Amino acid sequence: MGFSDVESLDYHWLLSRIEKQRVLRAVSVQGVMEHALQHRERVGVQDFVLLEDFRSEAAFIDNLRKRFNENLIYTYIGNVLISVNPYKNLPIYTEEKTKLYYKKAFFEAPPHVFAIADNAYRSLVYEHREQCILISGESGSGKTEASKKVLEYIAARTNHLRNVETVKDKLLQSNPLLEAFGNAKTHRNDNSSRFGKYMDIQFNYEGAPEGGHILNYLLEKSRVVSQMSGERNFHIFYQLLAGADQDLQRHLRLQGRPEVYKYTTDVGPMNQKMNDAQQFRIVQEAMKVIEIGEAEQRDMFEIVASVLHLGNVKFVQNDKGYAEILNHDANSGNVADLLRVDAIKLRESLTSRTIEARGDVVNTPLDIEQAQYARDALAKAIYEKHFSWLVARLNSSLAPKEKDNWSSVIGILDIYGFEIFPKNSFEQFCINYCNEKLQQLFIQLTLKQEQEEYLREGIEWEPVEYFNNIVICDLIEARHRGIIAILDDECLRPGDATDASFLEKLTQHLDGHKHYKSHRKMDIRTQKTMGRDEFCLVHYAGEVTYNVSTFLEKNNDLLFRDIQSLMASSGNAIVGSCFKDLNLTSKKRPETAITQFKNSLNELIKILSSKEPSYIRCIKPNDFKQPMQFDDKLVSHQVKYLGLMENLRVRRAGFAYRRTYDAFLERYKCLSSETWPNYQGPARMGVQKLVEVLNYDREDYRLGNTKIFIRFPKTLFETEDAYQIKKNDIATIIQSRWRGYWQRKQYLKMRAAAIVIQKWVRRFLAQRLRDRRRKAADVIRSFIKGFITRNGPETPENRRFLGIAKVHWLKRLSTRLPTKVLDLTWPPCPATCQEASRELHRLHRAHLSRKYRLALSPQDKKQFELKVLAEKMFKGKKNSYPSSIAERFLEDRLTSEHQVLRNTFMASPSWPTGEQLIYSCEAVKYDRRGYKPRERALLASDRALYVLDAAARKTYKLKHRLPLDKLRVVVTNETDSLVLIKIPQELKKDKGDLIISVTHLIEALTIVTDYSKKPDIIEIVDTRTIAHNLVNGKQGGTIEVTKGTQPAIQRAKSGNLLVVATP
Ligand SMILES: Nc1ncnc2c1ncn2[C@@H]1O[C@H](COP(=O)(O)OP(=O)(O)OP(=O)(O)O)[C@@H](O)[C@H]1O
Ligand SMILES: [Mg+2]
């Protein structure tokens, strides 16, 4: 929690509040509150209007002290800044701090001179209201420092604007120059400004400084010729003596040591000398920046040196008792040389005086005292006029280069505050008069401002009770009857006017006045402390007693005519021009000092009244120029004569606190759920709602057009306190929001990063896809080309296609292979694979066949072997062959009845043992003669063929046993069942060839041949006739073969055996 927050809390109220809250609040919150309390007790309030006891000076000073001890040197009374000189360098003017005040309202940052400067600058630039900053306070309170800070702030604030560097440099560099010539070491301030200064800074439409103008007031010229012990003359004398190089010293006839010169006998400590030399270089640098040329510089230094020499001019008394300067007096010679005037005339004018009386010119010699007076008067006059010339010179250098109709100014007034010394003279009178005028202006402007604000805000004006010092101003400056008028009268009237006669007149005219006190009218006690040559004025800041001695002299400010005209003839351009200005020929008396001052003051007031004022009131915490020392009495004195209590009273007369609706709502909106977090309606309505929630008393506040006015600080503190408590809750919310925001920011960052990554990945994927597509397209294209040329020879173009076609074909083939050995189909193949296809087909068929073969039973195998044998023997040779294929070959064609007979036969001795039956069937035998059919059975063994008579059907009767190796068989090539068995003769029982009809002719022959392995015993003939033998080889009958639809074997009419073969 910062000080500024803490500062706005009220101690007592808080205590009770905390007690109340204790029950409601958790310990942590209480901790925060107590912390705040501690601080508040320590650092006070930052604006005095929030001081509960605003009438108590003790409370006021207490607050100042608290803050001072915490190095908080600034405090506000509304918009008036109070500044207590810290007498040490505080880190509050850094660049960083400067920026803190850019565009800030007063309450947004701790009180500061920068806040005043920024406020003025903004009002000027944004609202086009001309500004002035009035800085007052007693000597050493920090006025000049404050004015420099204002200037520095404005320089920093306008840094970004172009083309202002040289102007800013000149403005800033005008200070060291003015200080060298116008400041001096006094008891109260080592760098005391011995003149009043008003400086205008001129800005262009952009807000960039483009020039400046300085007005100076009342240079303390008496310092040139005498200083109080321990004080010094103006810095420039010492600086010149310490810093001028030898050439310059020689030229100026200076000896380098101030103690040699009467006007600078008080030299100060040794280190001061080094500092002076250093300062002299700074002054020379500043002169360069201001564009004061070398000749001008020389003129200026000649003047300064001539004043030093002038101080050393000695007078001796001649025999007539008059003053005389010895001829060899080097000092007067030096003065004459440096000012380039006639040395004799100079000596004369310092020791005599020409008076014109009724047309006669009379030269009167002066006595020593008068001569010294004349000398000192000349020194003062030269110095003062030179100072005014310097200001004019600065002004010509600071003047904007071009005329600017849109320019506006901020004025800074750095002028002495009220002075009350043990002995007060003409100077104090002038200064205090000036302060009365400024207070009058302050009252007018503040009240005017206040009244205008009330009017603007539509709030009823409540008259403010305050002391109007217009009576005192009148007392001093009223025509004919005011103090100034009386003083001037005394100065100008013929006759012997003296300070005493002046006092007499004052008392005579003013004795009844409430603010004038004469010795005569004083009570006895005061009379003891007050001299008879004194009068007392009751200023708004307090009573001041003035001693009238030297009032007339100082007011007359006379310089003898002879001296004046001599100076006008000076070869030194500056002196010449300064004194030439005077209307030497005019008989009219020049204006008195006080009248001149009054006029320039009125001029100043006029200037200031046309501007919007800001005030900086400077306070000196102690008389010893020491840090961390706060002298209550001294401060109380200043608080009084700066009129700060009065100031606060005026400010607090109406409402202690006011703030724009926006600002008020912005700070306290969290106190009502209706206005938190954001109020949508007009700010005024929002404030109205807040006020209702906060339960403000009807009399405690007013709602203006743009601002809320709160009468007592307490009301504000209650609100502030509620806010402080609420702040913790709000902090949590803000924290969570902030965290949320932060997380979201992180998230967005991550998302953005993810998007970038995604983008790249997508890009990569897209590129890959594109490449793949391109490749695919290439592949497709090459495929199409491959397809087109698929039937041609293999080329690089179609190689791939063909390869894949092969693979596909093979794959397809593998699923479509014929499974049956008899299935001759075969899937088609690409052109290039035909050979392979054929080979595969062949292999596959071989494979199927093999598989088939391996799966065959022995019977089936036998059957196949027989069929193959049959094919070999009969295919293409005998027409009945095709019809034999389909039917299975059987080894036994006998009926069951016959089978019994056969078995019986085979069991008989007629069947040689060891012979194996291989075929049995029924057959028809045709006689060789007559071709009578007879029923027979045929049995074939591995060795012989048995022809059995089966006609009886009871037993088989062996007719023939014909060894197989001896037989020959003839068959036709037609479709018939005829078998002609040719029996060789050696077989004894042979009765000729045997003609037999066997139904399954091919079957029978094949089976027998299979065993006999003698296929050549079978002869197939394709003749139409076949001759057959009879017994013993004799030619027997003939067998005729014809074709017919009905198969038959029978005896033909021809006597031949006719065999009808079917087609
Ligand atoms: N804000 C400050 N920070 C540090 N030191 C300061 C400050 N203000 C003033 N001083 C010190 O106090 C001294 C006197 O201040 P300054 O010259 O401004 O007084 P002044 O009011 O102008 O007096 P005078 O009326 O004699 O010119 C300065 O030289 C400086 O050492
Ligand atoms: Mg000063």
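The residue numbering used here restarts from 1 in each chain and proceeds along that chain's sequence as written. Think of it this way: whatever chain is written first is A, whatever ligand is written first is 1, and the rest follow in order. Since the coordinates come from a predicted model, pLDDT governs what is reported: local features require at least 70, and pairs of side-chain atoms require 80 or more to be given and counted, while whole-chain, interface and lining totals use all residues. In computing side-chain properties, one takes all heavy atoms of the structure into account and sets aside hydrogens as well as water.

(A) Structural detail: the nonpolar core. Leu177, Phe181, Met567 and Ile616 are the most contacted members of the largest nonpolar core, which totals 108 residues. Starting at the N terminus, helices and strands are each numbered in turn, a helix being any DSSP run of H or I of at least four residues and a strand any DSSP run of E of at least two. No other element matches the 14 residues that helix H16 (residues 368–398) contributes to this core. Any two residues having at least one pair of non-hydrogen atoms within 4.5 Å are treated as being in contact. Not counting chain neighbours up to four residues away, the residues in contact with Leu177 comprise Val283, Ala286, Met287, Ile290, Ile292, Leu390 and Leu394. Core analysis: the second largest hydrophobic core is formed by 95 residues, Leu503, Tyr540, Tyr546 and Tyr668 among them. As used here, the term nonpolar core means buried Ala, Val, Leu, Ile, Met, Phe, Trp, Tyr and Cys residues forming a set that is joined through side-chain atoms within 4.5 Å. Only protein chains enter the accessibility calculation, which uses a 1.4 Å probe; a residue is then buried when its area is under 20% of its type maximum, exposed when over 50%, and partly exposed in between.

(B) View of helix H23 (residues 561–568). Among the 8 residues of H23, 6 are classified as buried, and the element is accordingly described as predominantly covered. Restricting attention to buried positions, one finds in H23 the residues Asp562, Ile563, Gln564, Leu566, Met567 and Ala568.

(C) Broad picture of the coordination of the magnesium ion (ligand 2). Donor atoms: N, O and S within 2.8 Å of the metal, or within 3.2 Å for Na, K and Ca. Because water is excluded, sites can look incomplete. Those protein atoms acting as donors to the magnesium ion (ligand 2) are Thr144 (OG1) and Ser193 (OG), and they sit at 1.9 to 2.0 Å. Here the residue Thr144 occupies a position in helix H7 (residues 143–157), and Ser193 occupies one in strand S5 (residues 192–193), the gap between them amounting to 49 residues. We classify Thr144 as buried; its relative accessible area is 13%.

(D) Structural view of the sheet that holds strand S27 (residues 1018–1021). Should DSSP find at least two bridges between two strands, the strands are regarded as paired. Spatially, S23-S22-S21-S20-S26-S25-S24-S27 is the arrangement adopted by the 8 strands of the open sheet, whose pairing is mixed. Of all strands in the sheet, those bounded by a partner on one side alone are strand S23 (957–963) and S27. Between one strand axis and the next, the sheet turns by 30 degrees as a mean value, whatever way the strands run. Looking at chain direction, strand S22 (residues 944–949) and S23 are connected through 6 bridges and run antiparallel. Note on S23: the bridge partner recorded for Asp949 is Lys957. Note on method: axes are straight lines fitted to C-alpha atoms, helices fitted across the in-contact stretch only, with angles between N-to-C directions ranging 0 to 180 degrees.

(E) Fine view of the packing of aromatic side chains. Side-chain rings of Phe, Tyr and Trp, where Trp is taken by its six-membered ring, are said to pair if the distance between their centres is within 6.5 Å; with planes under 30 degrees apart they count as stacked, over 60 as edge-to-face, and otherwise as tilted. Evaluation of the coordinates by the stated rule reveals 36 aromatic pairs. Geometrically, the ring pair formed by Phe535 and Phe551 is edge-to-face, given 6.2 Å between the ring centres and 80 degrees between the ring planes. A residue pair is termed long-range when its members are at least 10 positions apart, and Phe535 in strand S14 (residues 534–539) and Phe551 in helix H22 (residues 551–556) qualify at 16 residues. Here the two residues Phe535 and Phe551 agree in accessibility, since each one is buried. In textbook terms, an aromatic cluster arises when at least three aromatic residues are bridged by ring pairs, as seen for Phe426, Phe429, Phe502, Tyr516, Phe535, Tyr546 and Phe551. The aromatic ring of Tyr102 is capped on one face by Arg157, whose charged end is 5.1 Å from the ring centroid. Two conditions define a charge sitting above a ring: the NZ of Lys or the CZ of Arg must be within 6 Å of the ring centre, and it must be within 35 degrees of the ring normal.

(F) Expanded view of the site of ligand 1. The environment of ligand 1 is made up of 17 residues, and the closest members are Ser139, Lys143, Thr144, Ser192 and Ser193. One of the side-chain nitrogen or oxygen atoms of Asn85 is found 2.7 Å away from an oxygen atom of ligand 1. Between ligand 1 and the protein, one listed contact pairs an oxygen atom with a backbone N or O atom of Ser193 at 2.6 Å. Per-residue accessibility takes into account occlusion by the displayed protein chains alone, with areas from the Shrake-Rupley method and a 1.4 Å probe. In isolation ligand 1 has 620 Å² of accessible area, and contact with the protein removes 86% of it. Of all the elements in the fold, those that place two or more residues in the shell around ligand 1 are H7 and S5. Note that Gly is not counted as nonpolar here; it falls among the polar residues with everything else outside the nonpolar set of Ala, Val, Leu, Ile, Met, Phe, Trp, Tyr, Cys and Pro and the charged set of Asp, Glu, Lys and Arg. Of the residues in the shell around ligand 1, the class split is 3 nonpolar, 10 polar and 4 charged. Throughout, near means a residue has at least one heavy atom within 4 Å of the molecule or strand. Two N or O atoms count as a polar contact when they lie within 3.5 Å, although within protein this holds only if one can serve as hydrogen donor and the other as acceptor, and sequence-adjacent residues are included solely when both atoms are side-chain atoms.

(G) How the structure looks around the side chain of Ser352. Tracing the backbone through its elements, the reader meets Ser352 in strand S10 (residues 352–357). Under the relative-accessibility criterion, Ser352 is labelled buried at 12%. Setting aside residues up to four positions removed in sequence, Ser352 forms contacts with Asn363, Thr364, Pro365, Leu366 and Asp562.

(H) Structural view of the environment of Glu1019. Note that Glu1019 resides in strand S27. What makes Glu1019 partly exposed here is its relative accessible area of 31%. Setting aside its immediate chain neighbours within four residues, Glu1019 contacts Arg968, Val969, Val970 and Val971.

(I) Inspection of the packing of H23 against helix H24 (residues 573–580) at higher detail. Interaxial distance between H23 and H24 falls to 7 Å at its minimum, and their mutual angle equals 130 degrees. As the angle between them shows, H23 and H24 are arranged oblique. For the pair H23 and H24, contact is made by Gln564, Met567 and Ala568 and by Val575, Gly576, Phe579 and Lys580, respectively. Per-class residue counts for the contact of H23 with H24 are 4 nonpolar, 2 polar and 1 charged. Throughout this description, any angle smaller than 35 degrees is read as roughly parallel, any larger than 145 degrees as roughly antiparallel, any in the 65 to 115 degree range as roughly perpendicular, and the remainder as oblique.

(J) Highlighting the pattern of salt bridges. Salt bridges are identified by distance alone: a Lys or Arg side-chain nitrogen within 4 Å of an Asp or Glu carboxyl oxygen. Counted according to the given criterion, the structure contains 62 salt bridges. A salt bridge links Glu543 to Lys517; the nearest nitrogen and oxygen atoms lie 2.5 Å apart. Here Glu543 is found in strand S15 (residues 542–547), whereas its partner Lys517 is found in strand S13 (residues 516–518), with 26 residues between them in sequence. A salt bridge links Glu794 to Arg799; the nearest nitrogen and oxygen atoms lie 3.0 Å apart. Three or more residues joined by partner-sharing salt bridges are found here, namely Lys861, Lys862, Glu865, Asp1010 and Lys1013.

(K) Representation of empty space enclosed by the protein. The method works on a 1 Å grid over the protein atoms by themselves. A cavity is a set of points holding a 1.4 Å probe that cannot get out, a pocket is an open set with protein on both sides within 12 Å along at least five of seven lines, and residues with an atom within 4 Å of a point line them. Grid points are joined across faces, edges and corners, and a volume is the space filled by probe spheres set on the points. Inspection of every chain in the model, using the stated rule, returns 9 cavities of 30 Å³ or more. Taken as a whole, the largest cavity encloses approximately 200 Å³ of empty space. Lining the largest cavity are 19 residues, and of these Leu945, Val969, Ile981, Leu1005 and Val1008 lie nearest its centre. Secondary-structure elements contributing two or more residues to the lining of the largest cavity are strand S20 (917–926), strand S21 (933–941), strand S25 (978–982), strand S26 (994–998) and helix H36 (1001–1012).

(L) Just the sheet that holds S14, in detail. Taken in spatial order, the 3 strands make up an open sheet running S13-S14-S15, and their pairing is antiparallel. In this open sheet, the two strands that pair with only one neighbour each are S13 and S15. Within the sheet, the average angular offset between the axes of one strand and its neighbour, ignoring direction, is 25 degrees. Alignment of S14 against S15, held across 6 bridges, turns out to be antiparallel. Each bridged residue has a counterpart across the sheet, and for Glu534 the counterpart in S15 is Asn547. Helix H20 (residues 499–510) contacts S13 and S14 of the sheet and is inclined by roughly 125 degrees relative to S13.

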